[in-house]
Amino acid sequence: MNSAAADRARYDRATAHLDAPLAIVDVEAFDANADDLVRRAGGKPVRVASKSVRCRALLERVLARPGFAGVMSYTLAESLWLARSGFEDVLLAYPSADRAGFGELANDAKLAAAVTVMVDDPAQLELIDGARDGGGEEIRVCLELDTALRLLGGRIRVGARRSPLREPAQLAALARTVAGRPGFRVVGLMAYEGHVAGVGDALAGRPLRSRAIRLMQGAARRELVARRAEVAAAVRAVVPDLEFVNGGGTGSVQQTAAEDAVTEIAAGSGLYVPRLFDNYTSFSGRPAALFAQPVVRRPGVGVVTVLGGGYPASGAAGPDRLPVPHLPQGLRFDPQEGAGEVQTPLLGSPADDLLIGDRVWFRHAKAGELCERFDTLHLVEGDRVTQSVPTYRGEGRTFL
């Protein structure tokens, strides 16, 4: 029995007492992926991106391991919830307009000490001050650097449209603005190079595009290494006691960790290893998060239909945003139907060996978004479910 077939048999045995649809996390694979992130970080702490996990129990599990420190959250409401739950270092990775949340933050010393908010515009400081509701707690602030690669005088941009701040002088100026404003303190700098960390460079069957991506990423890394160092120095000239400079992402951990200016690495998707992370030359991980859909129809030879399964990922729409049938190997979507809301036909010779009630195991295109579809993750060790833990959704928390 090959390893894929052995995994399928193991997952089927472990969950035989449960009805599908269901989602699992293979604990051995999860822990191995965590160890790999720490190894690649080369001694710098890894801050866990919560949007890629979306399960408090698994956040706690990974943060208990050596090499991990702190959470990178995605909404202010989530940040406050995590802080109230005992997480003591929460960096909000995106600016917020949650006035009620800022009011809570400014009126609670414990929350204000645990949560750092993201700022890239003085108007965001105005919004926070306007939401204080009388609260005088000092707000911890992180500044964000735009990491996009710009070519041909800025006519070509490669990278996400995030912060408007690119140059050292711009970041230093905002640091001075924050430092001169009562009730705020700059504690960190973040620069997320998503066009490097979040874009695979080994696309199956597309060698020319893969080479072009590698060339782009090499140029982007070289440009960003120099600029990030200059920005960090400029901000430290204003804020000598800056606590951290955050960078990276699952796909660029070892490259970003090698930069002297960077003090910590952000990563999260590398714990679950969704399908979008199959296309990297910089690392390989073990699929840890999967979901199972039950076979409910056998329309004909070489075809089965499973219940549900239409769980697309965010981002520009395309085939790479769909989940993929993983086990048994050899199944594929019907190109006329794809992954459906209530049913999904699957084609391929393995379909003829599947019976009504059997499971097909899928991998989501992205990591934490899987948890928006399930309220429970069943933790599999060997061929047993050793624990069933709630996702954010399972705790009644849907932050976005």
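An account of the accompanying structure is given in this report. (Residues numbered from 1 in each chain as written. Predicted model: local features only at pLDDT ≥ 70, side-chain atom pairs only at ≥ 80, totals over all residues. Heavy atoms only, no water.)

1. Description of the sheet that holds strand 9 (residues 184-191)
The strand order around the closed barrel built from eight strands is 2-3-4-5-6-9-10-11, with neighbouring strands paired in parallel fashion. Between one strand axis and the next, the sheet turns by 30° as a mean value, whatever way the strands run. In this sheet, strand 11 (residues 264-267) lies alongside strand 2 (residues 46-49) in parallel orientation, the contact comprising three bridges. Within strand 11, the position partnered with valine 46 by the bridge is isoleucine 265. Along the sheet, helix 4 (residues 76-84) makes contact with strand 3 (68-73), strand 4 (90-92) and strand 5 (115-119), crossing strand 5 at roughly 165°. Contacting strand 5, strand 6 (139-144) and strand 9, helix 8 (residues 168-179) crosses the sheet at an angle of about 170° to strand 6. (Pairing = 2+ DSSP bridges. Helix = DSSP H or I, 4+ residues; strand = E, 2+ residues; numbered from the N terminus. Axes fitted to C-alpha atoms, helices over the stretch in contact; angles between N-to-C directions. Contact = heavy atoms within 4.5 Å.)

2. Focus on the packing of helix 4 against helix 5 (residues 99-106)
Closest axis-to-axis distance for the helix 4/helix 5 pair is 9 Å, and the angle between their directions is 35°. Helix 5 is crossed by helix 4, and the crossing has left-handed handedness. For the pair helix 4 and helix 5, the contacting residues are Leu76, Leu80 and Arg84 in the first and Gly101, Phe102, Glu104 and Leu105 in the second. Its residues placed into classes, the contact of helix 4 with helix 5 shows four nonpolar, one polar and two charged. (Left-handed = near helix turned anticlockwise from the far one by under 90°. Nonpolar A, V, L, I, M, F, W, Y, C, P; charged D, E, K, R; others polar.)

3. Topic: the pairing of strand 1 (residues 22-26)
With five of five residues buried, strand 1 is to be regarded as a mostly interior element. Both faces of strand 1 are covered, namely the face carrying Leu22, Ile24 and Asp26 and the face carrying Ala23 and Val25. Strand direction decides the pairing type here: strand 1 and strand 12 (residues 289-300), joined by four bridges, are antiparallel. Looking at the pairing, alanine 23 lines up with phenylalanine 291 of strand 12. Pairing analysis gives three bridges linking strand 1 to strand 18 (residues 376-381), with the strands arranged parallel. Each bridged residue has a counterpart across the sheet, and for valine 25 the counterpart in strand 18 is leucine 379. (Buried < 20%, exposed > 50% of the residue type's maximum accessible area, 1.4 Å probe, protein only.)

4. Digging into the pairing of strand 10 (residues 244-247)
In regular strands, side chains alternate between the two faces of the sheet. Neither face of strand 10 is exposed, since Phe244 and Asn246 on one face and Val245 and Gly247 on the opposite face are all buried. Pairing of strand 9 with strand 10, which is carried by four bridges, proceeds in the parallel orientation. Each bridged residue has a counterpart across the sheet, and for glycine 188 the counterpart in strand 10 is phenylalanine 244. Pairing geometry for strand 10 and strand 11, over two bridges, is parallel.

5. A word on the pattern of salt bridges
As enumerated under the stated definition, the model contains 27 salt bridges in all. Of the charged contacts in the structure, one is a salt bridge between arginine 10 and aspartate 26, with a shortest N-O distance of 2.8 Å. Note that arginine 10 is positioned in helix 1 (residues 3-14) and aspartate 26 in strand 1, a separation of 16 residues in sequence. Comparing arginine 10 with aspartate 26, the two get one shared label, buried. Of the charged contacts, one joins arginine 61 and aspartate 31 as a salt bridge, the two residues approaching to 2.8 Å between their closest N and O atoms. One end of the pair, arginine 61, is in helix 3 (residues 56-63); the other, aspartate 31, is in helix 2 (residues 27-41), with 30 residues separating them in the sequence. Overall, the relative accessible area of 14% leaves aspartate 31 in the buried class. If you follow the salt bridges from partner to partner, you end up with Asp31, Asp35, Arg61 and Arg65 in one network. (Salt bridge = Lys/Arg side-chain N within 4 Å of Asp/Glu carboxyl O.)

6. What about helix 7 (residues 122-130)?
Among the residues of helix 7, those classed as buried are Gln124, Leu125, Leu127 and Ile128. Along helix 7, the residues classed as buried sweep out an arc of 160° about the axis, all on the same side. In helix 7, those exposed residues whose orientation departs by more than 90 degrees from the buried face are Glu126 and Gly130. Where the residues of helix 7 are buried, they touch helix 5, strand 5, strand 6, helix 8 and strand 9. (Arc of directions from axis to C-beta.)

7. A closer look at unusual backbone geometry
Omega for the peptide link from alanine 20 to proline 21 comes to 5°, which places this bond in the cis form. Looking at where proline 21 falls in the secondary structure, it is placed in the loop between helix 1 and strand 1. The residue after leucine 327, namely proline 328, is reached through a cis peptide bond having omega 0°. For proline 328, the location among the structural elements is in the loop between strand 14 (324-327) and strand 15 (332-333). Backbone geometry at arginine 54 places phi at a positive 50°, although glycine is not the residue there. As for its placement among the helices and strands, arginine 54 is situated in the loop between strand 2 and helix 3. Residue class for arginine 54 comes out buried when judged on its relative accessible area of 9%. One non-glycine residue, valine 273, adopts positive backbone phi at about 55°. Along the chain, the position of valine 273 falls in the loop between helix 12 (269-272) and strand 12. A residue is classified by how much of its surface remains accessible, and valine 273, at 1% relative accessible area, is buried.

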